[in-house]
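Report on the structure
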Amino acid sequence: MSANPLAPPRLRFPADASALTARIWPASATRTDDGELAIGGITASDLVARFGSPLYVVDERDVQARAARVRTAFTEAFARIGTRAHVYYAAKAFLTTQVAAWMTEAGLRLDVCTAGELAVALAGGADPALLGFHGNDKSDAEIARAVEVGLGTIVLDSHEEIGRVARAAADAGTVQRVRIRINSGVHASTHEYLATAREDQKFGIPLSEAVDAAAAVRAEPSLAFVGLHSHIGSQIFDESGFREAARRLMDVHAELVASGPVPELNLGGGWGIDYTEADEAFAPEDVAEALATIVAEACTERGIPVPEIAVEPGRYIVGPAGATLYRVGTIKPVTLETDDGSSATRTYVSVDGGMSDNARPALYGADYTARLARASDAPAVLTRVVGKHCESGDIVVNDEYLPGDVHRGDLLAVAATGAYCWSLASNYNHVGRPPVVAVADGTARILVRGESIDDLLARDTGVVAG
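Residues numbered from 1 in each chain as written. Predicted model: local features only at pLDDT ≥ 70, side-chain atom pairs only at ≥ 80, totals over all residues. Heavy atoms only, no water.

The number of helices and strands found in the protein is 12 helices and 21 strands. Here the protein has a C-alpha radius of gyration of 24 Å; the compact-globule value for 466 residues is 23 Å, and the two agree. In terms of its C-alpha atoms, the protein occupies a principal-axis envelope of roughly 70 × 60 × 45 Å. Evaluated residue by residue, the protein yields a buried proportion of 55% over its 466 residues. Sequence-distant contacts, at least 24 apart, represent 71% of the contacts inside the protein between residues at least 6 apart. Of the charged side chains in the protein, 41 are positive and 62 negative, and the gap between their average positions amounts to 2 Å. (Helix = DSSP H or I, 4+ residues; strand = E, 2+ residues; numbered from the N terminus. Rg over C-alpha atoms; globule rule 2.2 N^0.38 Å. Buried < 20%, exposed > 50% of the residue type's maximum accessible area, 1.4 Å probe, protein only. Contact = heavy atoms within 4.5 Å. Lys, Arg positive; Asp, Glu negative; His and termini not counted. Charge placed at Lys NZ, Arg CZ, Asp CG, Glu CD.)

Structure representation (structure tokens):
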């Protein structure tokens, strides 16, 4: 067999369509002696027999190890330049009370974006003083709640938020620490929807207005200016964007130091992970060293103290530690004409989930890797894994080579679904959101239970009690 002409250039024809590439799959993912996929010491068939499908599976030890690795990398890199680094877990990637507890145990802080995320983080035991609150449209109630619980830092996303947060803090009789989110103008090399520092978008205050915004914050007795914040996007593989954003922020940081204390600088997150063989993710140690070098050199050139640094990884910590298990349904080969006038076949493999449990392919064309849970030595065929929803764009994995003997009833696993899959899940077509199960050392426990039909009807006020 050879490569299918319908396959994209990035997708190589596999020598073994059952092989698991370690950097893409959860750390504990392996195949048993009889070839079945196991995560955390539990086979896919056992997990589905207990919890059903679709099923989100999270490698608990992998999450904890990745969190610890990031913290160590940044602590050590910035200690070498004489300062401290604070790692905030970007909770929007995936948050449950247990995840909040894992992050706290690993010595990380948390970033939240809504009252709901704040409530989950607090319920998970997070110290409110070690939380940050993001968002471009925080409600008055959310701001008041953040101030009330003693939230560590509120990130101001617009000029008008300065007065609103100041009033909430004054009403509470406290001084609220704040950062200013700056739109650096650096264009991340990523999908347009993931680039968050372009001039024409909703996040942040333009770099040219940063000094005036800081002056407005400093003029409010109920606010304490902590520093600037930047986030240039997500799923980024080119470090040049991070370097340029840091350089621009340091220019403004130095200008602000001349008129008052600026104790911290938040450089955001957005490091990419490996979803496919074609991806080449950063190691956290490389990111930490690069940013530490930039900050140290910039401070030396400008003759200013090195600030404390904050970063905000989310996807890196939980993304590769997750996988989703599906049950295969309809198999449909489709023969198409190629550019050279010949024909080729793509096999559509339907599964019992789809865009309701992973919206990322439909949102911005995200690519994933899939494998059958069982091993097979059948010749590989080009497939498109699709969901059960009434949308042509309901695609789970756009292009993948799977064994040609894939059939109804097979279990199929999709790698690197720990970030932004459960978080973006919906009830489209009145499908219940799947459960989330943590696995470790041969045991499994539910982090979030799945939704039943009764759950879907529970909020429908037209249901007649019987």
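The sites that UniProt annotates as "active site" (unreviewed entry) are Cys390. Checked against the element boundaries, Cys390 lands in the loop between strand 17 (380-386) and strand 18 (395-403). When sequence neighbours within four positions are dropped, the list of residues in contact with Cys390 reads Tyr428 and Asn429. (UniProt positions renumbered as here; feature names shortened; annotations may be inferred.)

Take helix 6 (residues 159-172) next. Taking 1.5 Å per residue, 14 residues should reach 20 Å; helix 6 reaches 21 Å between its end C-alpha atoms and fits that length. Of the positions making up helix 6, those classed as buried are Glu161, Ile162, Gly163, Arg164, Val165, Ala166, Ala168 and Ala169. Packed against the buried residues of helix 6 are helix 5 (140-148), strand 8 (153-156), strand 9 (176-183), helix 7 (210-218) and strand 11 (223-229). Downstream of helix 6 by a residue or two, Gly173 has a phi angle that is positive, lying close to 70°. (Expected span 1.5 Å × (residues − 1).)

Let us now look at the packing of aromatic side chains. The final tally for this structure, using the stated rule, is 6 aromatic pairs. The interplanar angle of 75° and the centroid separation of 5.0 Å between the aromatic rings of Phe13 and Tyr401 together place this pair among those described as edge-to-face. Here Tyr401 lies in strand 18 and Phe13 lies in the segment before strand 1 (30-31), a separation of 388 residues in the sequence. Looking at Phe13, the relative accessible area reads 27%, which means it is partly exposed. (Phe/Tyr/Trp six-rings, centres within 6.5 Å; stacked < 30°, edge-to-face > 60°.)

Glancing now at the pairing of strand 13 (residues 308-311). Of the strand pairs in this sheet, strand 5 (residues 85-90) and strand 13 are connected by 3 bridges, and their pairing is parallel. Across the sheet, Val87 pairs through a bridge with Val311, a residue of strand 13. Assessed by its sense of winding, the connection that carries the chain from strand 12 (residues 264-266) through helix 9 (residues 284-302) to strand 13 is right-handed. (Pairing = 2+ DSSP bridges. Right-handed = clockwise from strand over helix to strand, strands pointing away.)

Our next topic: the pattern of salt bridges. For the structure shown, the criterion picks out 26 salt bridges. In this structure, the salt-bridge partner of Glu160 is Arg164, at a minimum N-O distance of 3.3 Å. One end of the pair, Glu160, and the other, Arg164, are both in helix 6, 4 residues apart, so they sit about a helical turn from each other. A relative accessible area of 13% means that Arg164 is categorised as buried. Where Asp410 meets Arg374, a salt bridge forms, and the shortest distance between an N and an O atom there is 2.7 Å. Taken together, the positions of Asp410 in the loop between strand 18 and strand 19 (411-415) and Arg374 in the loop between strand 16 (370-372) and strand 17 put the pair 36 residues apart, joining distant regions of the chain. When its relative accessible area of 5% is taken as the criterion, Asp410 is described as buried. The network of salt bridges with shared partners includes Arg12, Arg23, Asp274 and Glu277. (Salt bridge = Lys/Arg side-chain N within 4 Å of Asp/Glu carboxyl O.)

Within this structure's numbering, the places UniProt gives as "modified residue: N6-(pyridoxal phosphate)lysine" (unreviewed entry) are Lys92. Position of Lys92 relative to the elements: it lies in the loop between strand 5 and helix 3 (97-105). The exposure class of Lys92 is partly exposed, given its relative accessible area of 35%.

This part takes up the domain arrangement of the protein. Segmenting the protein into domains produces domain 1 (29-59 + 320-457) and domain 2 (82-319). For domain 1 and domain 2, the distance between their C-alpha centroids amounts to 33 Å. Contact with domain 1, which involves 22 residues of that partner, is made by 19 residues of domain 2. Surface buried jointly by domain 1 and domain 2 totals about 1800 Å² across both partners, of which 61% is contributed by carbon and sulfur atoms. Summed over the three residues of domain 1 that lose the most area to domain 2, namely Pro320, Tyr364 and Tyr420, the buried surface amounts to 32% of that side. The interface formed by domain 1 and domain 2 holds 0 salt bridges in total. Residue assignment for the side of domain 1 that touches domain 2 shows that the elements contributing at least two residues are helix 11 (360-364), strand 20 (436-440) and strand 21 (443-448). Of the residues in the side of domain 1 that touches domain 2, the class split is 14 nonpolar, 5 polar and 3 charged. (Domains from an automatic or database assignment. Buried area = accessible area lost by both parts, 1.4 Å probe. Nonpolar A, V, L, I, M, F, W, Y, C, P; charged D, E, K, R; others polar.)

Glancing now at a nonpolar patch on the surface. A contiguous nonpolar patch, built from Ile453, Leu457 and Val463 and spanning about 270 Å² of accessible area, is present on the exposed surface. Within the secondary structure, Leu457 sits in helix 12 (residues 453-458). (Patch = residues over 30% accessible without salt bridge, like charges linked within 9 Å, V, L, I, M, F, W, Y side chains within 5 Å. Areas by Shrake-Rupley, 256 points an atom, 1.4 Å probe, with all protein chains shown as cover.)

Let's shift gears to the nonpolar core. Ranked by size, the top nonpolar core spans 105 residues in total, and within it Phe74, Tyr89, Met103, Ile180 and Ile317 carry the most contacts. Formed jointly, this core draws a minimum of three residues from each of two domains, domain 1 (29-59 + 320-457) and domain 2 (82-319). Sequence-distant contacts of Ile180, defined by excluding residues within four places in its chain, comprise Leu156, Ile205, Ala213, Ala214, Val217, Phe225, Gly227, Leu228 and His229. Residues Val57, Ala323, Ala413 and Val437 belong to the second largest nonpolar core, which totals 21 residues. (Core = buried A, V, L, I, M, F, W, Y, C linked by side-chain atoms within 4.5 Å.)

The antiparallel open sheet is built from 3 strands, whose spatial order is 1-2-3. Every interior strand has two partners, whereas the edge strands, strand 1 and strand 3 (42-43), have only one. Inspection of the sheet shows strand 2 (residues 37-39) paired to strand 3 by 2 bridges, in the antiparallel sense. From the neighbouring strand, Ile39 faces strand 3, where its bridge partner is Ile42.

Considering the arrangement of structural elements, one finds Trp422 in the loop between strand 19 and strand 20. Owing to a relative accessible area of 25%, Trp422 belongs among the partly exposed residues under this scheme. Filtering out sequence-adjacent residues up to four positions away, Trp422 remains in contact with Tyr56, Phe94, Leu95, Asp357, Pro434, Val436 and Val448.

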